[in-house]
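# Per-entry structural report
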Amino acid sequence: MQKSPSIQQLVEHVRIHQEMGKYDTLLPVINTLLKKDPNNSEYLLWKLQVLDAQQEEILDFNLLHHYVNMRSSDVTGYLLLYKAYMSKNMVADALIALAYALSVEPDDEECQYLFNKTLADINPKYTRLKLNILTTNRIGHLAIEIEPWLRDQENKVSDDNCLYLFISSGKPPANTALYNLLKNYVHIIESSIWFNFYITRAQLLDEQFFIQFSYDIHSILRGNTNEEIAANGSQALIRIYNDHPSVLQLAPDDITQGWSLLSQYGLSKSDKIVCLHVRDSDYLNKLSSDTDFSYHNYRDVNIAHYQKAVESLIDKGYKVVRIGNGSNQKLNILSENYLDFCLDRDKEHGDFFELLLISQCSFYIGALSGPISVVALFDTPTLSVNSVPFNPPYLRSCRFIPKHLFHNNEKVNVIDVYEGKVLSEQDDTPLLFCSDGNKLSKYGYHYVENTPEEILLAVNEFEKQIVDGEFLNEVTPLQKKYAERIQNLPTDFIFKDSSSLVCDSFLSQYPELF
């Protein structure tokens with residue numbers, strides 16, 4: 001039986017034939033080497049060189065991406081990817097390949113020429129390209145990335161010469177209706193390949209090609225800490241939502257069709273509607289059974305605490321619609337004016353109904369969880385109850401009441417948290433930015449939910465601020481005093497400019513906390 005050649009013999013065979021310029025018989029040999037060592041970047045390059053020498057158009061995207069994954073600092077792979085994508089008229093992917101090529105070799109003349117020409121062919125005004133990846137599997141992040149950036153771009157005429165591309169993983173988004181609405185405003189490229197490529201080597205992409213989101217959770221991959229992301233992101237969101245009006249708008253025809261569909265549930269445009277979201281662990285547990293999300297449980301609430309408030313709103317002529325996507329609890333209310341679209345979600349139109357109702361309702365009641373970022377998109381008046389972590393929301397037209405925070409059974413002062421109170425002498429993480437329930441428990445902290453009476457008082461107070469769908473924003477003497485207290489906090493309190501105020505009823509009940 002003939003002995004198979006060793007790897008060393010195969011490699012030597014390839015090198016000898018390369019020097020002689022004989023490429024016809026090399027492909028089978030290189031393929032044999034790749035079977036033995038499929039991630040060897042040198043073998044992959046040899047295969048590309050052989051195909052190129054045979055004057056074959058290299059359209060094997062798996063091969064090309066495999067090569068750039070294994071040798072991402074070599075311009076060759078990106079150039080070949082550019083040509084392959086252009087042959088398929090996939091211009092955006094081709095430009096992304098060149099952005100990486102120029103990140104590696106900014107002075108490469110061929111890449112520069114192709115980059116400038118391709119941009120100009122799209123539109124002569126384009127001279128620059130920027131990109132970032134999108135978080136689409138969580139509704140809060142889906143809402144908080146592009147839309148605030150769009151608001152901030154409205155008055156930046158100087159950026160008119162830049163083409164912006166947003167890369168999604170191509171997996172189903174948390175809310176298809178919101179995702180499709182965003183696609184009406186920006187260029188979203190669905191590519192799991194480029195998405196994962198960025199995730200695995202985020203800092204390879206040069207800053208000149210990078211879009212900085214206002215609140216960018218993925219910037220941790222570019223060297224930012226979670227605390228920096230939270231601090232800088234929150235400050236940016238407050239500035240943007242204070243200064244710039246809503247950009248996203250549902251199409252009039254879609255709104256008309258939406259109300260027509262909602263009529264089967266007894267809802268009409270003329271109704272006074274309040275949207276309610278009650279956070280529990282069900283959604284995250286279903287999102288990923290492999291991930292332990294219990295560190296987020298301190299943000300969950302008991303829906304029974306909302307019953308009095310919901311019944312009060314119904315008595316005042318409102319229809320209350322609970323939104324969300326799955327839950328492990330429900331309200332015991334039998335009324336045609338209470339609809340639970342969280343448990344009885346419309347399979348076909350559930351995502352769109354949620355978007356439509358949030359944009360059209362009189363006001364929204366919820367906590368600092370994902371859907372509140374969708375509410376922010378439309379500047380819908382918002383009451384945040386059981387609000388945690390301890391920071392004023394960034395939304396316009398907002399009032400809030402926080403959960404009660406205890407340390408070893410002693411109530412924690414809200415202003416102390418605002419002034420930078422840390423977890424302990426051993427851990428100097430500010431309580432303001434501690435979003436890990438396990439960490440809080442470790443140092444003797446725990447949250448207690450708002451009572452049904454606290455929620456009822458806050459809802460009744462907020463409802464009086466809504467007239468003909470508009471938020472009056474009337475400020476009581478106690479709220480004015482609270483606002484002055486916030487303004488007197490140290491300059492490094494990043495929520496100082498938030499227009500959200502604690503409800504007067506809560507300030508009255510618990511003056512010692514403020």
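Criteria and cut-off values
Residues numbered from 1 in each chain as written. Predicted model: local features only at pLDDT ≥ 70, side-chain atom pairs only at ≥ 80, totals over all residues. Heavy atoms only, no water. Helix = DSSP H or I, 4+ residues; strand = E, 2+ residues; numbered from the N terminus. Buried < 20%, exposed > 50% of the residue type's maximum accessible area, 1.4 Å probe, protein only. Areas by Shrake-Rupley, 256 points an atom, 1.4 Å probe, with all protein chains shown as cover. Lys, Arg positive; Asp, Glu negative; His and termini not counted. Charge placed at Lys NZ, Arg CZ, Asp CG, Glu CD. Salt bridge = Lys/Arg side-chain N within 4 Å of Asp/Glu carboxyl O. 1 Å grid on protein atoms, 1.4 Å probe; cavity = no way out; pocket = protein on both sides within 12 Å on 5 of 7 lines; lining within 4 Å. Points joined across faces, edges and corners; volume = space filled by probe spheres on them. Nonpolar A, V, L, I, M, F, W, Y, C, P; charged D, E, K, R; others polar. Pairing = 2+ DSSP bridges. Axes fitted to C-alpha atoms, helices over the stretch in contact; angles between N-to-C directions. Contact = heavy atoms within 4.5 Å. Phe/Tyr/Trp six-rings, centres within 6.5 Å; stacked < 30°, edge-to-face > 60°. Core = buried A, V, L, I, M, F, W, Y, C linked by side-chain atoms within 4.5 Å. Expected span 1.5 Å × (residues − 1). Polar contact = N/O pair within 3.5 Å; in protein donor to acceptor, adjacent residues only side chain to side chain.

## Overview of the overall build of the chain
When helices and strands are counted, the chain shows 21 helices and 15 strands. Put simply, the chain has 514 residues, and 55% of those count as buried. In the form shown here, the chain has an accessible surface area of approximately 23900 Å², with 47% of it arising from carbon and sulfur atoms. Positive and negative charge centroids in the chain, built from 45 and 68 side chains respectively, lie 2 Å apart.

## Regarding the pattern of salt bridges
Under the counting rule described, the total for this entry stands at 18 salt bridges. Of the charged contacts, one joins Asp 280 and Arg 322 as a salt bridge, the two residues approaching to 4.0 Å between their closest N and O atoms. Placement of the pair is Asp 280 in the loop between strand E4 (273-276) and helix H13 (282-287) and Arg 322 in strand E5 (residues 319-322), with a sequence separation of 42 residues. Judged by relative accessible area, which is 9%, Asp 280 ranks as buried. Residues Arg 396 and Asp 379 are paired through a salt bridge, measuring 3.9 Å at the closest nitrogen-oxygen approach. Pair noted here: Arg 396 is in the loop between strand E8 (382-387) and strand E9 (398-402) and Asp 379 is in the loop between helix H16 (370-377) and E8, with a separation of 17 residues, a long-range link.

## Some remarks on empty space enclosed by the protein
In total, this model carries one cavity of 30 Å³ or more according to the counting rule given. Around the largest cavity, the lining residues are Ile 323, Phe 341, Arg 345, Asp 346, Gly 350, Phe 353 and Glu 354. Its residues assigned to classes, the lining of the largest cavity comprises three nonpolar, one polar and three charged.

## Some details on the sheet that holds strand E2 (residues 162-168)
With parallel pairing, three strands are arranged side by side in an open sheet as E1-E2-E3. Where the open sheet ends on each side, the last strands, each with one partner, are strand E1 (128-133) and strand E3 (187-190). Geometrically, the sheet is characterised by an average inter-axis angle of 30 degrees between neighbouring strands, direction not taken into account. Taken together, the six bridges between E1 and E2 define a ladder with parallel strand orientation. Note that in E2 the partner of Ile 133 across the bridge is Ile 167. On the sheet, helix H9 (residues 176-183) packs against E2 and E3 and is oriented at approximately 125 degrees with respect to E3.

## A look at the sheet that holds strand E11 (residues 410-411)
Across the sheet, three strands lie side by side as E11-E10-E12; this open sheet has antiparallel pairing. Sheet topology places E11 and strand E12 (445-448) at the edges, where each strand pairs with a single neighbour. One ladder, built from two bridges, connects strand E10 (residues 404-407) with E11; its direction is antiparallel. Along E11, the bridge assignment pairs Phe 406 with Lys 411.

## Here we look at the packing of aromatic side chains
The geometry of an aromatic ring pair is captured by the separation of the ring centres together with the interplanar angle, meaning the angle of the planes. Considering all chains together, one arrives at 26 aromatic pairs under this definition. With a centroid separation of 5.8 Å and an interplanar angle of 80 degrees, the aromatic rings of Phe 115 and Phe 209 are classed as edge-to-face. Linking Phe 115 in helix H7 (residues 109-122) with Phe 209 in the loop between helix H10 (192-200) and helix H11 (226-243), this pair joins segments that are 94 residues apart in sequence. With a relative accessible area of 6%, Phe 115 lands in the buried category. Note on Phe 209: relative accessible area 3%, which makes it buried. Ring geometry for Phe 390 and Tyr 447: centres 5.8 Å apart, planes at 65 degrees, overall edge-to-face.

## Considerations on the nonpolar core
Counting 118 residues, the largest nonpolar core has Phe 166, Leu 178 and Tyr 418 as its most contacted members. Setting aside chain neighbours within four positions, we find Tyr 418 in contact with Phe 390, Asn 391, Pro 392, Phe 400, Leu 432, Tyr 482, Ile 486, Leu 489 and Phe 493. In terms of nonpolar packing, the next biggest core, distinct from the first, is built from 61 residues, Tyr 43, Leu 48, Trp 194 and Tyr 198 among them.

## Things to note about helix H3 (residues 41-53)
An ideal rise of 1.5 Å per residue puts 18 Å on 13 residues; H3 measures up with 18 Å between its terminal C-alpha atoms. Burial in H3 covers these residues: Ser 41, Tyr 43, Leu 44, Leu 45, Trp 46, Lys 47, Leu 48, Val 50 and Leu 51. Those residues of H3 that are buried lie in contact with helix H1 (7-20), helix H2 (26-36), helix H4 (61-70) and helix H5 (75-87). One side-chain oxygen of the residue at the start of H3 lies 3.0 Å from the amide nitrogen of Glu 42, identifying that residue as Asn 40.

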